[in-house]
Amino acid sequence: MAPLLQVKGLKTQFFTQDGIVHAVDGISYDVEEGETLGIVGESGCGKSVGVLSVMRLIPTPPGKIVAGEVLFQGRDMLKMSEEEVRQIRGNQMAMIFQDPMTSLNPVLTIGRQISEALELHLNMDKNQARTRTIELLEMVNIPGAAGRVDDYPHQFSGGMRQRVMIAMALSCNPKLLIADEPTTALDVTIQAQFVDIVKRLRDELSMSVIWITHDLGIVAGLAQRVAVMYAGHIVEMASVKDLYREPSHPYTLGLLGSIPRLDAERRSRLTPIEGLPPDLVGENRGCPFAPRCPYQKEHAIERCLQENPQLAPVGTGLKHQAACWFDVRRGMAR
Amino acid sequence: MTVQEQDILVRVEGLKVHFPITQGIIFQRQIGAVQAVDGLDFAIRRGETLGLVGESGCGKSTTGRAILQLYRPTAGNVYFEGENLCQVKGEKLRAMRRRMQMIFQDPYASLNPRMTIGSIIGEPLEVHGLASGAEVKERVAELLEVVGLNSYFINRYPHEFSGGQRQRVGIARAVAVNPDFIVCDEPVSALDVSIQAQIINLLEDLQARYNLTYLFIAHDLSVVRHISDRVAVMYLGKIVELTDRAELYEKPLHPYTQALLSAVPIPDPEIEERRRRIILTGDVPDPSHPPKGCHFSTRCPVMIPGTCDAQEPEFKDAGGNHWVACFRVS
Ligand SMILES: Nc1ncnc2c1ncn2[C@@H]1O[C@H](COP(=O)(O)OP(=O)(O)O)[C@@H](O)[C@H]1O
Ligand SMILES: Nc1ncnc2c1ncn2[C@@H]1O[C@H](COP(=O)(O)OP(=O)(O)O)[C@@H](O)[C@H]1O
Ligand code: SF4
Ligand SMILES: [Mg+2]
Ligand SMILES: [Mg+2]
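Residues numbered from 1 in each chain as written. Chains lettered and ligands numbered in written order. Predicted model: local features only at pLDDT ≥ 70, side-chain atom pairs only at ≥ 80, totals over all residues. Heavy atoms only, no water.

### Structural notes on the environment of B:Leu70
Residue and element names in this part refer to chain B. If you trace the backbone, Leu-70 turns up in the loop between helix 1 (60–67) and strand 4 (75–80). Residues Leu-70 and Thr-116 lie 46 residues apart in sequence; the distance between their C-alpha atoms is 25 Å. Dropping the residues within four chain positions of it, Leu-70 is found in contact with Arg-65, Arg-97 and Met-102. (Helix = DSSP H or I, 4+ residues; strand = E, 2+ residues; numbered from the N terminus. Contact = heavy atoms within 4.5 Å.)

### A few points about the site of ligand 1
Residue and element names in this part refer to chain A. Every one of the 14 residues lining ligand 1 counts as a neighbour, but Gly-44, Gly-46, Lys-47, Ser-48 and Val-49 are closest to it. Gly-46 is positioned such that a nitrogen or oxygen atom in its backbone is 3.1 Å from an oxygen atom of ligand 1. Between ligand 1 and Ser-48 there is a distance of 2.8 Å, counted from an oxygen atom to a side-chain nitrogen or oxygen. Considering ligand 1 on its own, with 560 Å² of exposed area, one finds that the protein chains cover 67% of that surface. Elements with a minimum of two residues in the shell around ligand 1: strand 1 (5–16), strand 2 (19–31) and helix 1 (47–54). Considering each element in turn, the shell around ligand 1 owes the most residues, three residues, to helix 1. (Near = heavy atom within 4 Å. Polar contact = N/O pair within 3.5 Å; in protein donor to acceptor, adjacent residues only side chain to side chain. Areas by Shrake-Rupley, 256 points an atom, 1.4 Å probe, with all protein chains shown as cover.)

### Topic: unusual backbone geometry
Peptide bonds are mostly trans, and most non-glycine residues show a negative phi. All names here are of chain A. Cis geometry marks the peptide bond from Thr-60 to Pro-61; its omega dihedral reads -20°. The amide bond that connects Pro-61 to the next residue, Pro-62, takes the cis arrangement and shows omega of 5°. Turning to its location among the elements, Pro-62 is positioned in the loop between helix 1 and strand 4 (63–72). One non-glycine residue with positive phi stands out, namely Asn-141, at about 60°. Looking at where Asn-141 falls in the secondary structure, it is placed in the loop between helix 4 (126–139) and helix 5 (145–148). The exposure class of Asn-141 is partly exposed, given its relative accessible area of 40%. (Buried < 20%, exposed > 50% of the residue type's maximum accessible area, 1.4 Å probe, protein only.)

The following block contains the structure:
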């Protein structure tokens, strides 16, 4: 069976006063039915722009999708009319954001906001929609859901609002849920509640999920496959087990060395990535990570500065790829 | 506690900070209080890092600020080298403040955008009479190098720097006046992972170099575990558990600490697969109406009805300097 979503050579740029921002610079990935793909990377690396492009939600101008295909169930979303895309967005693909207040209308009750979508997309009448809304709120563990559907967003806590967002996203039985850092603003116990609910519903509804985060911990427990992004590129892609067992891109290794682990043996010094995150304005020759890469420095690899490496098979795992001129496992250039 | 009194730099006794909630336009009257910090007892040893963890709104920043007398406590005492700061005023307090500095979470908001990096770091030197004239510039250049910034940045403005670089400026400003004690209030929470590690290493280096004592506030339990010697866990204005770092993470005794630790994801899929989470229900209650009895009783999975929701558990040593406030632990 063909993957549910296939992204091929996607490039999105912003045309600004300072120049062209190469926010997403040729990324490709698949999401199978029922699969969860984690997209990991630090702020500004193009995670949000990447999925907003998939949803066709890039503000134009200044932004523009300049190349690529986004095949959803085999059809290229980038070639569809605005109306066709709206149909898919409301029904088969849904998205939740980091800040629920940006997607909740403060002057409408929670219930109204969910029922409206149900009436619009699933042709339910008012009563059916209300009953279903309460069910959805119960599904995401809103205590006393029936008594709270008529509350306004500000009467809900941050964690509850984020759960309302899933209820809304799930209202139309989407095949693909895109979650853009949905737990970044939440406390850890509230994050655990949220992840637990999403996992349960994902499995019950056999939904595909794209989960964006900067937290390598969350991805470990949630995703089947992971794409690591840096400076608008996917620099490593692997099954979740391979990624943590045999991290193969110097940036992935750098990230793993930077985080203190709750289960580390004892206090050991962190090994940060030196230098600063890249500037995405203008053309970039060479590997985008080269200015911060310890291997490039140590082995004085000239090619890193000249040619941008493409994803290529690495390690022992199936479909494990990294974009790097250096083979960190064998300690030599490719 | 069994620690020698002279090893203690800061001692906090019965610390309370309540913020009044008022109503009325002309005649303000108090209708309640946010009980942000509601009775803390702990000590910080010279040269150690005491980690203070807890979820947002539990009173961590208020505790840090009250220790430095940036908020005057509603009740309780704060001793710095035996001197009761709550009773020190004016010139003397200002002089003591030199020895106690603070590093803030938000490297954007905490630096004056109209001042150059040089004057931001140099100002406290002049205020406290530690340098004047050409000395100031010399000392600032030296400090910039110490925190890993180039000294030619001295005439630049904060907006020309990244978040991590601004945090370095904030750190340089704090260490400029040779303090003994620094409250680090979520110094890495706003930074990207790779930059976080740079700043954590810098704070560790400075501690060793200047023999600093830290109160390290954070909500990230992995970061706190990494940097702290001892850790205090806060929940809704109270410290619920306090002990050595290793002991806390290996043998957490309080049900809240246990839930908190189980909620932290570990970057290893094989471990994550086997882990059992304690999922707490509900949200943290409103600190202007904390629950009766144990503040955690409304969410606690092992709450004892009639006891936990009626009386307050005492904060006491469960053995080996492992302090806990819970009826289940005796
Ligand atoms: N509306 C916009 N105008 C100009 N640049 C933008 C805009 N939106 C995003 N960018 C730039 O695109 C890059 C990628 O951003 P984003 O996808 O939001 O990063 P992430 O989600 O990984 O933090 C960044 O350099 C960002 O500054
Ligand atoms: N200046 C203030 N006035 C009124 N309430 C405050 C003030 N500062 C903090 N609070 C309240 O006190 C509680 C504790 O806040 P804080 O110490 O900032 O928590 P933390 O740092 O753990 O997130 C919160 O409920 C917060 O809203
Ligand atoms: S005192 Fe009771 S309610 Fe509080 S944490 Fe212990 S068992 Fe739970
Ligand atoms: Mg983003
Ligand atoms: Mg705080």
